[in-house]
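# Breakdown of the fold
Below, each chain spelled out in residue letters.
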Amino acid sequence: MSRAASHAEAAQRVAQLRGEIAAHNHRYHVLDAPTISDSAFDALLRELQALEAAHPDLVSADSPTQRVGAVVAGGFAEVRHDVPMLSLGNAFSDEDAQDFFRRIADKLGRDDIAFSVEPKIDGLAISLLYLDGVLTRAATRGDGSTGEDVTHSVRTIPSVPLRLFGAEWPPVLEVRGEVYMPRAAFEAFNQRARERGERTLANPRNAAAGSIRQLDPRIAASRPLAFFAYALGRIEPDATWVQHTDMLADFRRYGLPVCPQAARAIGLDGLLAYYRRIGDARDQLPYDIDGVVYKVDDIAAQRELGFVSRAPRWAIAHKFPAREEQTVVEAIDVQVGRTGAITPVARLRPVQVAGVVVTNATLHNENEIRRKDVRVGDTVIVRRAGDVIPEVVAVVLDERPADAVAFEMPNACPECGSQLAREGDEAVLRCTGTGVCPAQRKESIRHFASRRAMDIEGLGDAWIENLVDLGYVHHVADLYALTLEQLLEMKRRADERDGVVPETVKKGKVASRWAENLLAAIDASRKTSLPRLLFALGIRDVGESTAKTLARHFGALDRIASAADADLMSAPDVGPVVASRIAAFFAAPHQREVIELLRARGVQWEEGEPLAAAGPLLGKTVVLTGTLDALTRDQAKERLEALGAKVSGSVSAKTSFVVAGAEAGSKLDKAQALGIPVLDEAALLALLAEHGA
Ligand code: IVH
């Protein structure tokens, strides 16, 4: 927009930008299906900020630039709930659920009752008041009749719309639901806090509650919170929904996030089947739940059933077994990881936690062990949350034996005797015996062979252990020099040590099929790709995605190995820390030797040109829009980039051409308005074919 944009033009553009930003935000945070890059999104936001700065009278509370406001002075204001926020009765067993169902079936006089069935999200109940479609107030449940005004915090949650979508919503709409912290975000938050020696959050529920109940909205804004809508408060005019599930469908239409696992079930069998299905999926869900909720779907029937004290008769929470149990710490060991990180581990008296026997729990690092003061002999609360490693939540101090002594971290590596050291102000102690320490070597070989790295099938932990202990394998390159005789000798010794009669000796002949298979698997792994190899090398902080980025950006291992920190940082997502890790890795003579040996022993990977330095489309900026038939958007992007093009998320005068698939929208319009060439899918495929991509 030109500098002399009139006020009317600015107002129009501001409205358009707000609409676009809200829609992209919704696609990213609610639908999990973004259609533009982060940088293109940021560009839209910056344009809006600039316009609002130039025209302050255009700023409004529902603008996406206004999510984080001022610190609230003088504490939280009270909010009276016009419609009380109720709680739910609990069912702890199938029988309890059956009793609930029978009461309803008897009262309604039929058995084929439909229910809205939903996960019971473990977070903080919140009421959102939308007046004329604009988020006006957010409040906690409090005691059910009076809560606290937490509008400033809730506004910062990206999936909560500041303005409802469309125009069909009732003028007064109070939506209720749960603010929660997704599990991955919670884990990442704590991981970072631990590395910095900062306070960790106890669990996702406390994390959500603690983040919302803050006077400074920047705290909530810095925490990755999310929201699911599941109930109704005040509404004007009166609701016309026939069923609860119709209401949830409308909530979705208004742009409110509704739990994707919410469903409909018929009869008692339907309820119990849902309970099992969600229970089985519990560990894979991205959020914590403590049960499922059954709600009679028919709203007239809800009214007929009514309430008992503070809970509805038409709904109940069917709880899952607790994720936390008590047990006793029998010992505390320390483990040495691939990069030398020392992790104290509690050996526990075996205990069932949510259906799985737990015998070990991580104590993370020295700070954590000291903070929790876990001692051998202590009774502790252990938590298993999803597929995360079980952890000790807290010590039950009342049960501590009189002679329990505080745990001391060792001074030297328990595996190789090397000194332990801390980097900077890191909380983690590391073994300094890199390249020597057998524990580090075993872990790096294990990582190297793992499925997502070199994928050597059949090379299990026990074999790695034996191969290193026997001195057959010192580092990953030695795997490619192993012989059949060595493998058979290893097996013979292992059998001897374990006192087993070797079942591998039959009719005087040594069975060697497994060893041949293992050698074949090792051989098969020789042909690999640069991203896999880079990941397999086990460079600190270089996970799969960074490995891919580096491979794509530099094209060849030697170029990465010889790059200075500044060059490394030119790759997307590589910051100073990761750059220094990569540089340090390749600076170590030992690592260079290993790489040379890998090459010498026949490990091969494809190499190519660095991304920006070559290709027929070098210097071209391409925008993809709409849906393609033959390729996903990522595939199209990858192939265009392989030819040197830069793929961007938004159309501007700098765009060289736009690829428009089916249902291309505003980007196509813009390209046409700017006179930018537009290719359809067939033309794109022809272009790619022409250049052999
Ligand atoms: S419905 C009248 N649905 O559980 C019914 N509650 O013990 C009101 N919760 O305070 C609640 N997920 O914080 C409902 N899908 C869901 C829920 C849910 C979690 C929480 C909510 C409520 C508590 C009741």
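Just above, that's the structure.
This structure is a prediction, so every number in the text was calculated from the model and none was measured.

The next point concerns the packing of aromatic side chains. Following the criterion strictly, the structure yields eleven aromatic pairs and no others. Pairing tyrosine 180 with phenylalanine 228 gives two aromatic rings, centres 4.8 Å apart and planes at 25°, and the pair type is stacked. Here tyrosine 180, found in strand 7 (residues 172-180), pairs with phenylalanine 228, found in strand 8 (residues 226-236); they are 48 residues apart in sequence, far enough to count as distant. Under the relative-accessibility criterion, tyrosine 180 is labelled buried at 8%. Among the residues examined, phenylalanine 228 registers a relative accessible area of 7% and is labelled buried. Arranged with centres 6.1 Å apart and planes meeting at 85°, the rings of tryptophan 241 and phenylalanine 251 form a pair that is edge-to-face. On the criterion of sequence distance, the pair formed by tryptophan 241 in the loop between strand 8 and helix 8 (244-253) and phenylalanine 251 in helix 8 is long-range, its members being ten residues apart. Tryptophan 241 gets classed as buried once you look at its relative accessible area, which sits at 12%. Ring pairing ties together the aromatic residues Phe100, Phe101 and Phe115, which thus form one cluster.

Here the focus is the sheet that holds strand 27 (residues 657-660). Taken together, four strands build an open sheet; the order of strands is 26-25-27-28 and the sheet is parallel. Only two strands of the sheet have a single partner each, and these edge strands are strand 26 (646-648) and strand 28 (678-679). Bridging between strand 27 and strand 28 involves two bridges; their strand directions are parallel. Looking at strand 28, one finds that valine 658 is bridged to valine 678. Along the sheet face, helix 22 (residues 633-642) touches strand 25 (621-625) and strand 26 and points at about 170° away from the line of strand 25.

To continue, consider the site of the ligand. By nearness alone, every residue bordering the ligand is listed as Leu88, Glu118, Pro119, Lys120, Ile121, Ala125, Glu178, Tyr230, Val293, Lys295 and Pro312. In this structure, leucine 88 approaches the ligand through a main-chain N or O atom, which is 3.5 Å from an oxygen atom. The separation between a nitrogen atom of the ligand and a polar side-chain atom of lysine 295 is 3.0 Å. For the shell around the ligand, the secondary-structure elements that each account for two or more residues are strand 3 (114-121) and strand 10 (289-296). Counting residues per element, the shell around the ligand draws most heavily on strand 3, which supplies four residues. A per-class count over the shell around the ligand returns seven nonpolar, no polar and four charged.

In terms of burial, strand 4 (residues 124-131) is a largely internal element, seven of the eight residues being buried. Direction of pairing for strand 4 relative to strand 5 (residues 134-140): antiparallel, over a ladder of six bridges. Its bridge partner being in strand 5, isoleucine 126 is matched across the sheet by threonine 140. Following strand 4, the chain reverses through two residues before pairing antiparallel with strand 5; aspartate 132 in that reversal takes a positive phi of roughly 50°.

Looking now at the pattern of salt bridges. Pairing between side chains of opposite charge can happen when the charged atoms of each approach one another. Inspection of the entire model under this criterion finds 50 salt bridges. The shortest N-O distance in the salt bridge between lysine 491 and aspartate 495 comes to 3.1 Å. In this pair, lysine 491 and aspartate 495 are both assigned in helix 14 (residues 484-498), four residues apart and thus about one turn of the helix distant. Aspartate 495 shares its class with lysine 491; the two are buried.

Peptide bonds are mostly trans, and most non-glycine residues show a negative phi. Residues glutamate 236 and proline 237 are joined by a peptide bond in cis, for which omega reads -10°. Mapped onto the fold, proline 237 is located in the loop between strand 8 and helix 8. At aspartate 455, a position not held by glycine, the phi torsion is positive, near 55°. Relative to the helices and strands, aspartate 455 resides in the loop between helix 12 (438-449) and helix 13 (461-469). Given a relative accessible area of 38%, aspartate 455 falls into the partly exposed group.

Cut-off values and rules
Residues numbered from 1 in each chain as written. Predicted model: local features only at pLDDT ≥ 70, side-chain atom pairs only at ≥ 80, totals over all residues. Heavy atoms only, no water. Phe/Tyr/Trp six-rings, centres within 6.5 Å; stacked < 30°, edge-to-face > 60°. Helix = DSSP H or I, 4+ residues; strand = E, 2+ residues; numbered from the N terminus. Buried < 20%, exposed > 50% of the residue type's maximum accessible area, 1.4 Å probe, protein only. Pairing = 2+ DSSP bridges. Contact = heavy atoms within 4.5 Å. Axes fitted to C-alpha atoms, helices over the stretch in contact; angles between N-to-C directions. Near = heavy atom within 4 Å. Polar contact = N/O pair within 3.5 Å; in protein donor to acceptor, adjacent residues only side chain to side chain. Nonpolar A, V, L, I, M, F, W, Y, C, P; charged D, E, K, R; others polar. Salt bridge = Lys/Arg side-chain N within 4 Å of Asp/Glu carboxyl O.

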